[in-house]
Amino acid sequence: MITVTDPVRLESLKASLSQGNYWAKKAPAITAFLANADWSMKMDSGRDLAWFELGMAAMNYQLQAVKEGLHVHPIVGFNAAAAKLALGVPEAVTLEVLVVLAYPGPAAGLNERHLAAETAPRSRRPLEAVYAANAWDDRLLPAPKA
Ligand SMILES: Cc1cc2nc3c(=O)[nH]c(=O)nc-3n(C[C@H](O)[C@H](O)[C@H](O)COP(=O)(O)O)c2cc1C
């Protein structure tokens, strides 16, 4: 991972954000989570552990940040090639996710949708959609794409 706080580097990373992520432009820190499937353990049946490791690292990082009073938002809405260039990341490395970090501040500047989302009750997929007891259940299949 690379945590970016240097103002110049941060500006250049922020230039890679997609329009909808305008809110992240105020953040004082953004962390890039990186991996290369060939550098981590590979098992049979296409099990590339790199993505599991990256997910665990990103989740633990976010839990610790929240514990320290920060707000965190993982985002995939950015131009990965431009973001890699901004951080000097080699071609072979995948920049999977950025985690935007900030202390909570005023909601001014958020569009209507984001303003509503800030205070809306969180909705999560029901447990039955992601969990089966003892054996495979077709309920675990993703819903057909609309
Ligand atoms: C993998 C992933 C990618 C995401 N990408 C974006 C994004 O590009 N832009 C965005 O506004 N939110 C994105 N989100 C959602 C926000 O980060 C969301 O605020 C975060 O998941 C916290 O949700 P909660 O406030 O409901 O707990 C993404 C979430 C995940 C898990």
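Each chain has its residues counted from 1, running along the sequence as written. In keeping with the predicted nature of the model, local features appear solely for residues at pLDDT of at least 70, side-chain atom pairs appear and are counted solely at 80 or more, and the whole-chain, interface and lining totals rest on all residues. Excluding hydrogens and water, the side-chain figures rest on all heavy atoms present in the structure.

Asker: Help me out: how do you make sense of the layout of surface pockets in this one?
Answerer: Over the atoms a probe the size of a water molecule is rolled, and this reveals where empty space is left. Of the grid points, spaced at 1 Å and generated over the protein atoms alone, those admitting a 1.4 Å probe that cannot get out make up cavities, while open sets with protein on both sides within 12 Å along at least five of seven lines make up pockets; any residue with an atom within 4 Å of a point is treated as lining. Grid points are joined across faces, edges and corners, and a volume is the space filled by probe spheres set on the points. Of the volumes computed, that of the largest pocket is approximately 830 Å³. Taken together, 28 residues form the lining of the largest pocket, with Trp23, His71, His73, Leu110 and Glu118 sitting closest to its centre. Grouping the constituent residues of the lining of the largest pocket by class yields 17 nonpolar, six polar and five charged. Ten residues, namely Ala, Val, Leu, Ile, Met, Phe, Trp, Tyr, Cys and Pro, are considered nonpolar, four, namely Asp, Glu, Lys and Arg, are considered charged, and the remaining ones, Gly among them, are considered polar.

Asker: Just to check I follow, could you spell out the nonpolar core for this structure?
Answerer: Where a protein is soluble and globular, its nonpolar side chains tend to be buried together. Within this scheme, the nonpolar core is defined by two criteria: the residues are buried Ala, Val, Leu, Ile, Met, Phe, Trp, Tyr or Cys, and they are joined through side-chain atoms within 4.5 Å. Each residue is assigned to one of three classes by its accessible area relative to the maximum for its type, calculated with a 1.4 Å probe on protein chains only: buried under 20%, partly exposed between the two thresholds, exposed over 50%. Counting residues in hydrophobic clusters, the biggest one holds 17 residues, and the most contacted among them are Leu13, Leu17, Phe78, Leu87, Leu95 and Leu98. Secondary structure is summarised from DSSP: a helix means a run of H or I of at least four residues, a strand means a run of E of at least two, and numbering begins at the N terminus for each. Counting residues per element, the ones that place at least two in this core are α1 (7-14), β2 (29-35), α3 (80-87) and β4 (94-102). Of the residues forming this core, the biggest block, three residues, is contributed by β4. Formed by twelve residues, the second largest nonpolar core is a distinct cluster that contains Ala29, Ala35, Ala50 and Leu70.

Asker: Sorry, what's going on with α1 here?
Answerer: Residues separated by three or four positions in an α-helix point in the same direction, a consequence of the helix having 3.6 residues per turn. By the burial criterion, the buried members of α1 are Leu10, Leu13 and Lys14. Down the axis of α1, the smallest arc covering the buried residues is 95°, so these residues share one side. Exposed residues on α1 whose side chains face more than 90 degrees from its buried face are Val8 and Glu11. Buried residues along α1 sit in contact with β1 (2-4), β2, α3 and β4. For this quantity, the arc is that covered by the directions from the helix axis to the C-beta atoms. The contact rule is simple, with two residues in contact once any of their heavy atoms fall within 4.5 Å.

Asker: Which parts of the structure should I look at to understand the site of the ligand?
Answerer: Being near a molecule or strand, for a residue, means having at least one of its heavy atoms within 4 Å of it. Around the ligand sit Asn21, Trp23, His73, Pro74, Ile75, Val76, Gly77, Arg122 and Arg124, and those are all the residues in its vicinity. Under this definition, polar contacts are N or O atom pairs within 3.5 Å; protein pairs additionally need one hydrogen-donor-capable and one acceptor-capable atom, and for neighbouring residues in sequence, both atoms have to be side-chain atoms. Side-chain polar atom of Asn21 to a nitrogen atom of the ligand: 2.7 Å apart, as the coordinates give it. At 3.5 Å, a side-chain N or O of Trp23 approaches an oxygen atom of the ligand. Surface burial for the ligand is 55%, taken as the share of its 620 Å² of free accessible area covered by protein chains. Here the residues of the shell around the ligand sort into four nonpolar, three polar and two charged. Each accessible area is a Shrake-Rupley result for a 1.4 Å probe, and residues are judged covered by the shown protein chains and nothing else.

Asker: When you look at the pairing of β4 in this model, what are you seeing that I'm missing?
Answerer: Two faces, one strand: in a regular strand the side chains alternate between the faces of the sheet. Two strands are said to pair when DSSP picks up at least two bridges between them. Where β2 and β4 come together, seven bridges link them in antiparallel fashion. Bridge assignment links Leu34 to a residue of β4, and that residue is Leu95. With five bridges connecting them, strand β3 (residues 71-75) and β4 associate as antiparallel partners. Along β4, the bridge assignment pairs His73 with Val100.

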